[in-house]
Amino acid sequence: MSGGGLLVAGTTSDAGKSVVTAGICRWLVRQGVKVAPFKAQNMSLNSFVTREGAEIGRAQAMQAQACRVEPTALMNPVLLKPGGEQSSQVVLLGRPVGELSARGYHGGRQQRLLGTVLDCLEQLRGTYDAVICEGAGSPAEINLRRTDIVNMGIARGAGLPVLVVGDIDRGGVFASFFGTVALLSREDQELVAGFLVNKFRGDVSLLEPGLEMLRGLTGRRTYGVLPFRHGLGIDEEDGLRVSLRGAVRESVVAAPVGEDVLRVAVCAVPLMSNFTDVDALAAEPGVVVRFVDRPEELADADLVVVPGTRGTVRALQWLRERGLADALGRRAAEGRPVLGICGGFQVLGELIEDDVESRLGRVDGLGVLPVRVRFAREKTLTRPSGEALGEPVEGYEIHHGVAEVLGGDPFLDGCRVGQTWGTHWHGSLESDGFRRAFLREVAAAAGRRFVPAPDTSFAALREEQLDRLGDLIEQHADTDALWRLIESGAPQGLPFIPPGAPA
């Protein structure tokens, strides 16, 4: 017998689908329900490697943590990794299967994947009591409905009730709720059970007349009004809002342990991927993280991070065009700390041979690390562990570039020359002891009287975030009604709201 299910859709991108899904998952698991997350198709440059070596979206990995289960490829069977304005790498069941233009993907390939994603969902529902699914964008994208496999396509295919989330902080939430339903076909509307208001500020009683009018207009109830909370989130799909960095910037932060703060500048390279690596730095009291795109913004930085990117050669060209390449070279020569991660590590090397990603062949790197990189067609997807700076450290690797290290001191899988460090390992800074040791080295090199806090636990901060999301659902949603939806499906007899989807 299949477990229950629910699709969390949204009126827009960034309406709060990911955090609501994680919150429902954490609430359920605290009730003793065996639950799993699912997103049929994700478009994101922030990804994660499962224990079996499959690549999935980081949001689904964090939702799995909310469920207290190990993430698997079944939870995100299709991952699209943009490589530019017009094309994306398609990752199917954790493995890249090729590059496709948006027209090629939506023109036929996407619809052929519906059977695959429904099979993955059915496998999860056969194992878990409940599967909480996340949609993408809006379910009312009428230009894409014919080939949809992540919103109403998966809801129809699996008979899932749909909860529509709207961000009231943006304004226009009532029109968005009504319009979302009214642009769906009769068959799709039958699965839309109701609404959830996200990020409300103020007195809920002032909102209630509008919710009653919305119910009168649509025949659908509102399942909860979640208040606005600073710093809540999980690993972002895209954009520059980094979850724990946001939490540190927006909430009350402990004072630095030492006398100084430590300033970290992150180069906002094109197609930046896994920028969530810097969350762990920002979680440290006294560490200030900002994203930069001008060389003068590196002047007062104690550490510069060149992050991962889906376009290494493109990022290299961008660094040169912006004058950041020269600034990084000067920093390295002066012994001022620089950390390159994955694609950022590759650009710091001497030479890149790329016949895979950019197909530009041999390109000179910045030459600050004795490393040569050759792009392989097979992607490296691993979960390495080891020791560095006298501390245990774990990470994960997602890259086509194969690095040949020709000198320097060993550092994880890369190297270190003076105060310039490079590695392919994402997530290494989440290892608390290693992060503190690294920050002590940076502070000493920068001449800062900064001392890492002795008790910051990144894993505990993550758990605290997920528990706060679970609290929001438990305290501000009608959880009895939510459970009825998950267990029994959408209510029968929901009215049709004209005009419905265009023919």
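Bear in mind the structure is a predicted one, so any value in this text is a computation, not a measurement. (Residues numbered from 1 in each chain as written. Predicted model: local features only at pLDDT ≥ 70, side-chain atom pairs only at ≥ 80, totals over all residues. Heavy atoms only, no water.)

## Details of the overall build of the protein chain
On a plain count of helices and strands, the protein chain comes out with 16 helices and 27 strands. Here the C-alpha radius of gyration of the protein chain, 23 Å, is about what a compact globule of 503 residues would show, namely 23 Å. Across the 503 residues of the protein chain, 58% fall into the buried class. For the protein chain, long-range pairs separated by at least 24 residues make up 74% of all intrachain contacts whose partners lie at least 6 apart in sequence. (Helix = DSSP H or I, 4+ residues; strand = E, 2+ residues; numbered from the N terminus. Rg over C-alpha atoms; globule rule 2.2 N^0.38 Å. Buried < 20%, exposed > 50% of the residue type's maximum accessible area, 1.4 Å probe, protein only. Contact = heavy atoms within 4.5 Å.)

## As for the confidence of the model for the protein chain
Summarising the model, the protein chain shows a mean pLDDT of 91, and 93% of its residues fall at 70 or more. With pLDDT under 50 throughout, residues 238-252 is counted as low confidence; its partners more than four residues away or in other chains account for 39 contacts. (pLDDT = per-residue confidence, 0-100.)

## Some thoughts on the nonpolar core
Counting residues in hydrophobic clusters, the biggest one holds 63 residues, and the most contacted among them are Leu281, Leu298 and Leu319. Setting aside its immediate chain neighbours within four residues, Leu298 contacts Ala265, Cys267, Val292, Val304, Leu324, Ala327, Leu328, Arg331 and Arg336. Grouped together as the second largest cluster of nonpolar side chains are 45 residues, Ala64, Leu80, Leu113 and Leu191 included. (Core = buried A, V, L, I, M, F, W, Y, C linked by side-chain atoms within 4.5 Å.)

## Some words on the packing of helix α1 (residues 17-30) against helix α15 (residues 458-476)
For the pair α1 and α15, the least separation of the axes is 7 Å and the interaxial angle reads 85°. As judged from the angle between their axes, α1 and α15 are roughly perpendicular. Residue-level contacts link Val19, Val20, Ala22, Gly23, Ile24, Arg26, Trp27 and Arg30 of α1 to Glu463, Leu466, Asp467, Leu469, Gly470, Asp471, Ile473 and Glu474 of α15. Here the residues of the contact of α1 with α15 sort into eight nonpolar, two polar and six charged. (Axes fitted to C-alpha atoms, helices over the stretch in contact; angles between N-to-C directions. Parallel < 35°, antiparallel > 145°, perpendicular 65-115°, else oblique. Nonpolar A, V, L, I, M, F, W, Y, C, P; charged D, E, K, R; others polar.)

## Focus on the sheet that holds strand β1 (residues 4-10)
Sheet architecture is open: six strands sit in the order β2-β9-β1-β10-β11-β12, paired in parallel fashion. The open sheet has two edge strands with one neighbour each: β2 (35-38) and β12 (221-227). Looking at each pair of strands side by side, their axes are set apart by 20° on average, direction ignored. With four bridges joining them, β1 and strand β10 (residues 162-167) adopt parallel strand pairing. When the bridges of β10 are listed, Leu7 appears paired with Val162. Here helix α4 (residues 114-127) sits on the sheet in contact with β1, β2 and β9 (130-134), set at roughly 170° to β2. Against the sheet, helix α16 (residues 479-488) contacts β1, β9, β10, β11 (192-200) and β12, and its axis sits at roughly 110° relative to β1. (Pairing = 2+ DSSP bridges.)

## Describing the packing of aromatic side chains
One pass over the structure, following the stated rule, counts seven aromatic pairs. Centre to centre, the rings of Phe411 and Trp421 are 5.0 Å apart; their planes meet at 70°, and the pair counts as edge-to-face. Here Trp421 lies in strand β27 (residues 420-423) and Phe411 lies in strand β25 (residues 409-411), a separation of 10 residues in the sequence. Since its relative accessible area comes to 3%, Phe411 is described here as buried. (Phe/Tyr/Trp six-rings, centres within 6.5 Å; stacked < 30°, edge-to-face > 60°.)

## Looking at the sheet that holds strand β6 (residues 78-82)
Judged by pairing direction, the sheet is mixed, and its four strands sit side by side in the order β3-β6-β7-β8 without closing on themselves. Unpaired on one side and paired on the other, β3 (41-43) and β8 (95-101) mark the two borders of the sheet. Sheet twist, expressed as the mean angle between neighbouring strand axes with direction ignored, is 25°.

## Examining helix α6 (residues 173-182)
Listed as buried for α6 are Val173, Phe177, Thr180, Val181 and Ala182. Looking at the buried positions of α6, the neighbouring elements they touch are β10, α7 (186-189), β11 and α8 (204-218).

## Some thoughts on the environment of Gln189
Considering the arrangement of structural elements, one finds Gln189 in helix α7. Each C-alpha atom of the pair Gln189 and Ser138 lies 14 Å from the other, and the pair is 51 residues apart in sequence. Ignoring any residue separated from it by four or fewer positions in sequence, one finds Gln189 in contact with Val181, Ala182, Leu184, Arg220, Leu494, Pro495, Phe496, Ile497 and Gly500. For Gln189, the side chain forms a polar contact with the main-chain oxygen of Val181, separated by 2.9 Å. (Polar contact = N/O pair within 3.5 Å; in protein donor to acceptor, adjacent residues only side chain to side chain.)

## Structural notes on α1
Here α1 contains 14 residues, and its C-alpha end-to-end distance of 20 Å stays within 8% of the 20 Å for a straight helix at 1.5 Å per residue. Burial runs high along α1: 12 of the 14 residues are buried. Along α1, the residues classified as buried are Lys17, Ser18, Val20, Thr21, Ala22, Gly23, Ile24, Cys25, Arg26, Trp27, Leu28 and Val29. Immediately downstream of α1, the backbone of Gly32 shows phi near 85°, a positive value. (Expected span 1.5 Å × (residues − 1).)

## Here's the deal with the pattern of salt bridges
Enumeration over the complete set of coordinates arrives at 29 salt bridges. A salt bridge links Lys39 to Glu134, with the shortest nitrogen-to-oxygen separation between them at 3.1 Å. A residue pair is termed long-range when its members are at least 10 positions apart, and Lys39 in the loop between β2 and β3 and Glu134 in strand β9 qualify at 95 residues. Just as Lys39 is buried, Glu134 falls in that class too. Between Asp478 and Arg221 there is a salt bridge, with the nearest N and O atoms lying 3.0 Å from each other. Note that Asp478 is positioned in the loop between α15 and α16 and Arg221 in strand β12, a separation of 257 residues in sequence. (Salt bridge = Lys/Arg side-chain N within 4 Å of Asp/Glu carboxyl O.)

## A word on the environment of Arg462
Mapped onto the secondary structure, Arg462 falls in helix α15. Here the alpha-carbon distance between Arg462 and Arg229, two residues 233 residues apart in the chain, equals 16 Å. Here Glu430 takes part through its side chain, which lies 3.1 Å from a polar atom of the side chain of Arg462.

## With respect to the side chain of Ser88
Mapping Ser88 onto the fold places it in strand β7 (residues 87-92). Given a relative accessible area of 10%, Ser88 falls into the buried group.

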